[in-house]
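Structural description and commentary
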Amino acid sequence: MRTQVAIIGAGPAGLLLGQLLHTYGIDNVILERQTGDYVLGRIRAGLIEQGTVDLLDEAGVGARMHAEGLIHDGTQICADGVRRRIDFKALTGKTVMVYGQTEITRDLMEARTACGAPTVYEAEQVALHDFAGAQPRVTYRKDGQDTEIVCDIIAGCDGFHGVSRRSVSASAIRTFERVYPFGWLGLLSDTPPVSDELIYTRHELGFALCSMRSPTRSRYYLQCSLAEHVDAWPDARFWDELRLRLDDESNERLVTGASIEKSIAPLRSFVAEPMRFGRLFLAGDAAHIVPPTGAKGLNLAASDVRYLSLALREFYAEKSLAGLDRYSDRALARVWQAERFSWWMTTMLHTFPDAGFDRKIQHAELDYVFKSRPAATALAEQYVGLPF
Ligand SMILES: Cc1cc2nc3c(=O)[nH]c(=O)nc-3n(C[C@H](O)[C@H](O)[C@H](O)COP(=O)(O)OP(=O)(O)OC[C@H]3O[C@@H](n4cnc5c(N)ncnc54)[C@H](O)[C@@H]3O)c2cc1C
């Protein structure tokens, strides 16, 4: 098989890249380890920046997002039982949109099927070859049959645990990592959200987040120990613990119900540098992870894809390597801004084991955000997303 760009992974990064390349007339094949239903069943991000909205529009998949997505002008932060609002629109003139990763993935999959671009699901033993040279290859096995794809470029969009980053020799890559001493226990329920806006709560018992996917579907998170197992959290225990962390007004408004999904995710900051190795380009979680506190993971995948798709368009239209040569530096500059913001939000809002000096600094930090318009503006500017 021959294609121009072989894309590994059908998560948001791979599917969005594939769709943009298709609109530019660039052939691509996506190889995905899982089934399409499995990919759609993963409950992950829910909040997207304007830059991501614009990119989905450019890819021609924005119609349902605009019809069903919820525009948020601000967010609420609750500390010591007192809720305050960060007004994004007043502070930055910008807003964010609530539209689930599952829905984005579904829209992208449907668009790909409609345009007939190939996706190989349940591709096993995906392996990358010869990406140091001008003609890389990807091999995989499907239904017991081995296939080789010869291509110009490989896009590694296969997430943190994927094969692409691991295919690079250890001496060519440098990684930076911070693992946090807690995780997030998430619960999805078909109940109306407790508030029209997200509520980030700092509490001595641990951080909590009230989020949503639609006016009838809520997503709640509790900071939890990494030693916890989700089976130890029947719904009633989750709701009881959430009530302990919320302010009085939220407690009065909270509607509880049966969970439709519950899971624990560890929190990690991770960056691999560079993001380009010859003709292999990493994008999204394959190259970097942020803790979800700043809602940046999916948006970073989108900004990587924007830089890479533009560079590939230039490569094919102008026979120029200039954009591809700049890709890693350009993507990493934005990645590190999002890493810093996500780390800052995480350290400011979670309960850490150190209850001494660090806790006091943490309180002073949030106090400053509440009392200073420039500080609130800095939070808002990064939350709505730095320019792509
Ligand atoms: C539990 C959880 C909750 C999250 N919550 C949020 C949130 O609230 N807000 C936010 O912004 N972000 C959140 N994120 C992060 C966000 O979901 C990711 O940043 C986003 O999914 C990145 O997209 P991606 O396409 O780069 O990677 P992924 O979504 O991981 O997609 C990678 C794809 O590659 C496939 N793959 C892996 N290995 C192979 C292989 N060897 N061969 C072929 N295919 C392979 C995988 O099956 C997968 O489909 C969360 C992540 C997790 C895990």
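Bear in mind that the values here come from a model prediction, so they are computed numbers and not experimental data. (Residues numbered from 1 in each chain as written. Predicted model: local features only at pLDDT ≥ 70, side-chain atom pairs only at ≥ 80, totals over all residues. Heavy atoms only, no water.)

**Quick word on the packing of aromatic side chains**
Note the cut-off: The rule is short: rings of Phe, Tyr and Trp, with Trp giving its six-membered ring, pair when the centres are within 6.5 Å, and they are stacked under 30 degrees, edge-to-face over 60, tilted in between. Secondary structure elements follow DSSP: runs of H or I no shorter than four residues count as helices, runs of E no shorter than two count as strands, and numbering proceeds from the N terminus. Type-normalised accessible area, obtained with a 1.4 Å probe on protein chains alone, sets the label of each residue: buried when under 20%, exposed when over 50%, and partly exposed for intermediate values. Charge-over-ring placement is defined geometrically: NZ (Lys) or CZ (Arg) within 6 Å of the ring centre, and within 35 degrees of the ring normal.
Within the structure shown, the criterion is met by 15 aromatic pairs. Ring centres of Phe182 and Phe352 lie 5.1 Å apart, and the angle between their planes is 75 degrees; this geometry places the pair in the edge-to-face category. Of this pair, Phe182 sits in strand E13 (residues 174–189) while Phe352 is found in the loop between helix H10 (322–349) and helix H11 (357–371), placing the two residues 170 residues apart along the sequence. Owing to a relative accessible area of 22%, Phe352 belongs among the partly exposed residues under this scheme. Each ring, one from Trp184 and one from Tyr221, has its centre 4.7 Å from the other, and the planes form 45 degrees; the classification is tilted. Taken together, the positions of Trp184 in strand E13 and Tyr221 in strand E16 (residues 217–224) put the pair 37 residues apart, joining distant regions of the chain. Classification of Trp184 by relative accessible area gives buried; the value is 3%. Between Lys296 and the ring centre of Tyr383, over which it is positioned, the NZ or CZ distance is 5.6 Å.

**Focus: the site of the ligand**
Quick reminder of the rule: Whether a residue is near a molecule or strand is decided by its heavy atoms; if any one of them lies within 4 Å of it, the residue is near. Whenever a nitrogen or oxygen atom comes within 3.5 Å of another N or O atom, the pair is scored as a polar contact, on the condition that within protein one atom can donate a hydrogen and the other can accept it, and that pairs from neighbouring residues in sequence are kept only if both atoms are in side chains. Only the protein chains shown count as cover for residues, and the accessible areas themselves come from Shrake-Rupley with a 1.4 Å probe. All residues other than Ala, Val, Leu, Ile, Met, Phe, Trp, Tyr, Cys, Pro, Asp, Glu, Lys and Arg, Gly among them, are scored as polar; the first ten of these are nonpolar and the last four charged.
The environment of the ligand is made up of 28 residues, and the closest members are Ala13, Glu32, Arg42, Gln101 and Asp285. Note that an oxygen atom of the ligand is positioned 2.9 Å from one of the backbone N or O atoms of Ala13. Contacts to the ligand include Leu298, whose backbone N or O atom sits 3.3 Å from an oxygen atom. Coverage of the ligand by the protein amounts to 87% of the 1000 Å² it exposes when considered alone. Put simply, the parts of the chain that give the shell around the ligand at least two residues each are helix H1 (12–23) and helix H9 (297–318). Across the shell around the ligand, the residue classes break down as 13 nonpolar, eight polar and seven charged.

**Topic: the sheet that holds strand E3 (residues 47–48)**
Threshold: In this description, strands pair whenever DSSP reports at least two bridges between them.
A sheet is described by the order of its strands in space; here three strands give the open sequence E3-E7-E4, paired in antiparallel fashion. Looking at the sheet topology across the chains shown, the edges are occupied by E3 and strand E4 (70–72). Looking at chain direction, E3 and strand E7 (residues 96–98) are connected through two bridges and run antiparallel. Looking at E7, one finds that Ile48 is bridged to Met97.

**Some words on H9**
Condition: The length a helix should cover is 1.5 Å for every residue beyond the first.
An ideal rise of 1.5 Å per residue puts 32 Å on 22 residues; H9 measures up with 32 Å between its terminal C-alpha atoms. Note on H9: the residue one or two positions beyond its end, Lys319, has a positive phi of about 55 degrees.

**Looking at the sheet that holds E16**
Keep this limit in mind: In what follows, residue pairs with any heavy atoms lying within 4.5 Å of each other are defined as contacts. Structural elements are reduced to axes, namely lines fitted to C-alpha atoms, with helices fitted over the stretch in contact, and the angle between N-to-C directions of any two is expressed from 0 to 180 degrees.
The mixed open sheet is built from eight strands, whose spatial order is E6-E5-E14-E15-E16-E13-E17-E20. Pairing within the sheet leaves two strands with one partner each, and these edge strands are strand E6 (82–87) and strand E20 (288–289). In the sheet, E13 pairs with strand E17 (residues 259–273) via 13 bridges, with the strands oriented antiparallel. In the strand pairing of E17, Glu177 is matched with Phe270. Relative to E16, helix H7 (residues 235–245) is tilted by about 75 degrees, and along the sheet it contacts E13, strand E14 (199–202), strand E15 (208–214), E16 and E17.

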